[in-house]
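Residue-level listing of the chains:
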Amino acid sequence: QLTRGILFALTTLLLIMSLSVMPLVNVIAIVFASPLIVAALGPVFLREPTPRARWSAIAVGFTGMLLIVQPSAPTLGWLILLPVAATVCSALRDVVTRKVSVTESSLSLLFYSGLIVLAVGGALAPWSNWQPVQPRDWALFVLNGLLNGGAHFLLIEALRIGQASLVAPFKYSGLLFGLILGYWLWGDLPSMPAIAGA
């Protein structure tokens, strides 16, 4: 539980740091390499083989993601290691989740990892550029918390039931939903490469 919580907290921290120094599309492109890492780690740590067809599906998903986000070549030197480290931590978290979900409940995993992220975030808050939350934003924070918590619970359940290398590529579907919501909420028309990637 502690290992998983620490990996979750590190992933969150490294993603926030990445987004503060890099364009969003580049961070997304790097973070979505996570299913590739999970597929590589599954046979080693979980003794779950990754069949060729699954590797092909992951590669197609990763290629589609690159068409959607179209990252630019970053010129940030060592800062590129921040999202790379976040990606590795995320993949390791998924592998650990699959391993410990045999003996731990999904609610237990969700609770303790949330508690650890809260503790790490609270400890780092005094050194951040904290801005008081406006009353109108509280409803969005509550909605975000409910959606994020629900999604995380369902991911834990999926990793309990299915092999890690089978579950991980479904993260790519978030890009498709992002395109749909972007059009529906803000009228963002996806480009032809983004449509092809979807």
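That block above? That's the structure.
Described in the following lines is the structure provided in the data block. (Residues numbered from 1 in each chain as written. Predicted model: local features only at pLDDT ≥ 70, side-chain atom pairs only at ≥ 80, totals over all residues. Heavy atoms only, no water.)

If you check helix α4 (residues 52–69), its first and last C-alpha atoms are 26 Å apart, about what 18 residues at 1.5 Å a residue would give, namely 26 Å. For α4, every residue scored as buried is listed here: Arg54, Ile58, Gly61, Phe62, Gly64, Met65, Ile68 and Val69. Seen along its axis, α4 keeps its buried residues to an arc of 160 degrees; they face one direction. Exposed residues pointing more than 90 degrees away from the buried face of α4 are listed as Arg52, Ala53 and Val60. The inward-facing, buried residues of α4 abut α2 (24–31), α3 (34–46), α8 (164–167), α9 (173–186) and α10 (192–197). (Helix = DSSP H or I, 4+ residues; strand = E, 2+ residues; numbered from the N terminus. Expected span 1.5 Å × (residues − 1). Buried < 20%, exposed > 50% of the residue type's maximum accessible area, 1.4 Å probe, protein only. Arc of directions from axis to C-beta. Contact = heavy atoms within 4.5 Å.)

Enumeration over the complete set of coordinates arrives at four salt bridges. One salt bridge in this structure joins Arg98 and Glu48, with 2.6 Å as the shortest N-O distance. Of this pair, Arg98 sits in helix α5 (residues 81–100) while Glu48 sits in the loop between α3 and α4, and the two are 50 residues apart along the sequence. Taking the relative accessible area as the measure of exposure, Arg98 reaches 16% and is therefore buried. On the accessibility criterion, Glu48 (8% relative accessible area) is buried. (Salt bridge = Lys/Arg side-chain N within 4 Å of Asp/Glu carboxyl O.)

Time to look at the packing of aromatic side chains. Evaluated as defined, the whole model comprises three aromatic pairs. Ring centres 5.1 Å apart and planes at 75 degrees place the aromatic pair Phe111 and Tyr112 in the edge-to-face group. Residue Tyr112 is classed as partly exposed on the basis of its relative accessible area, which comes to 39%. Taking the centre distance of 6.2 Å and the plane angle of 55 degrees together, the rings of Trp138 and Phe141 count as tilted. Placement of both Trp138 and Phe141 in helix α7 (residues 135–161) is noted, with a separation of three residues, approximately one turn of the helix. A cation sits over an aromatic face here: Arg4 above Phe8, 5.9 Å from the ring centre. (Phe/Tyr/Trp six-rings, centres within 6.5 Å; stacked < 30°, edge-to-face > 60°. Lys NZ or Arg CZ within 6 Å of the ring centre and 35° of its normal.)

Moving on to unusual backbone geometry. Residue Arg47 is not a glycine yet carries a positive backbone phi of 55 degrees. Mapping Arg47 onto the fold places it in the loop between α3 and α4. The class of Arg47 is exposed, set by a relative accessible area of 70%.

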